[in-house]
Each structure stands twice: as C-alpha cells, then as structure tokens.
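Inside the fold
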Amino acid sequence: MRFSTSLLVPCFAALALAVPNVPRVISSNHGTIVEPTSGVVATTEGSLPFSYKDSNWCEAGYSPISVWLLDYAPTTANLNATGQFTDAAYYFGAFLIGNFGLPPLSGSPSPPTTLTLPDLSQYGAGSSMYIAVVETATTCPPGNQPAQYGLASVEITTA
Ligand SMILES: *[C@@H]1O[C@H](CO)[C@@H](O)[C@H](O)[C@H]1NC(C)=O
C-alpha cells in the first residue's frame, strides 16, 4: 500500500498543475493608444480621433484588435476567456492591423481613424470613461500556443 500511495501523490499533483484555472492567456505586452489622448472630452454621440500603435509582440503579419468603451478603469482581470469584456458600455468592433507594410485583408476592416460614441447621457457630466484596446497575439513561439491578450486603455471624460 505504501508503494502505491507514493506513486499516486505525484501523479495527482502533476494533473492539478496541468489544468489551468483561467483559460485565457494574458500578456503584459500591449500597444499604445496614440489617440484619443488622456482626458479628452467626449460628447454624447460625438466622435473621437482614434489611433493605435500595435505591439505585435509575437511578430505576426497581422494583429487583431478589439476596441471598447468602459465606465470603469479596465484591467486584464476583466477580460473573459476569449479576451473580451462582458460588461462594456459599448463595443466599437474588431479590426485587423497589417504589420510590416502588409495590405488590409478583405473582410477584415482596418482600425478606423475616428470612433463614433454612443449616447452617453446616462453618465453624468465629468464622468471618467475609458477607451480600451485588446490586442491578440496568435503566433507566439514555439507555435500552436493559445492566443495571448494584451490590454491598453486611456481615460476620457464625458462632457
Ligand atoms: C466573452 O465576452 C463576449 C462579449 O461580451 C461574449 O460574446 C463571449 O461569449 C464571452 N466568451 C466567453 C468564453 O465567455
């Protein structure tokens, strides 16, 4: 009996380590939201300039991003298993950035140069809101790795 117990314990320990509690893979890498700049005033149904410089930490040809509006300061802990927010104030959409001068792919829109805001009247004047960009890396070495998600955000203020 003593023999089998000593074999079983390491076996269960290895199993526990092999099954991750959180399926999503968060990366501390992220790109830079160039625009809007921090503290810019957002008017209801108005628009903001948008520019995002991707990190592309796994050097892919294309970097998928998703763009969100949140009414709290987001962290990577707020991302669900597929790297999305479940509690966003608004979802601007998913876009594809071509790296190394690669052209846009048909069917995958490039990031817009402006973001059109939704009705913000439910938020009081002077409320802090956040534009967030989730960048996904799918080509990290050594290959066949789960997608990694990196987060950048900038605070804006409602008019
Ligand atoms: C993550 O959130 C998105 C958007 O809210 C939702 O559509 C998707 O089903 C969620 N994914 C998982 C695995 O919960």
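Preceding block: the structure.
A short tour of the structure in this document, coming up. All values reported here derive from a predicted model rather than from experimental measurement.

Further remarks concern unusual backbone geometry. A cis amide bond links Glu35 to the next residue, Pro36, at an omega of 0°. Counting through the fold element by element, Pro36 comes out in the loop between strand E2 (32-35) and strand E3 (41-42). Located in the positive-phi region is Glu59, a residue other than glycine, with phi close to 55°. Along the chain, Glu59 falls in the loop between strand E5 (51-53) and strand E6 (62-70). Even without glycine at this site, Phe100 takes up a positive phi of about 55°. Looking at the secondary structure, you find Phe100 in the loop between strand E7 (90-98) and strand E8 (114-116). By relative accessible area, which is 64% here, Phe100 ends up exposed.

Another aspect to go through is the environment of Gly39. With respect to the secondary-structure elements, Gly39 resides in the loop between E2 and E3. According to the relative accessible area criterion, Gly39 is partly exposed, its value standing at 40%. Sequence separation of Gly39 and Tyr130 is 91 residues, and the distance between their C-alpha atoms is 9.6 Å. Sequence-distant contacts of Gly39, defined by excluding residues within four places in its chain, comprise Glu155, Ile156 and Thr157.

Thresholds, definitions, all that
- Residues numbered from 1 in each chain as written.
- Predicted model: local features only at pLDDT ≥ 70, side-chain atom pairs only at ≥ 80, totals over all residues.
- Heavy atoms only, no water.
- Helix = DSSP H or I, 4+ residues; strand = E, 2+ residues; numbered from the N terminus.
- Buried < 20%, exposed > 50% of the residue type's maximum accessible area, 1.4 Å probe, protein only.
- Contact = heavy atoms within 4.5 Å.

Keep in mind these numbers describe shape, not what the thing actually does.
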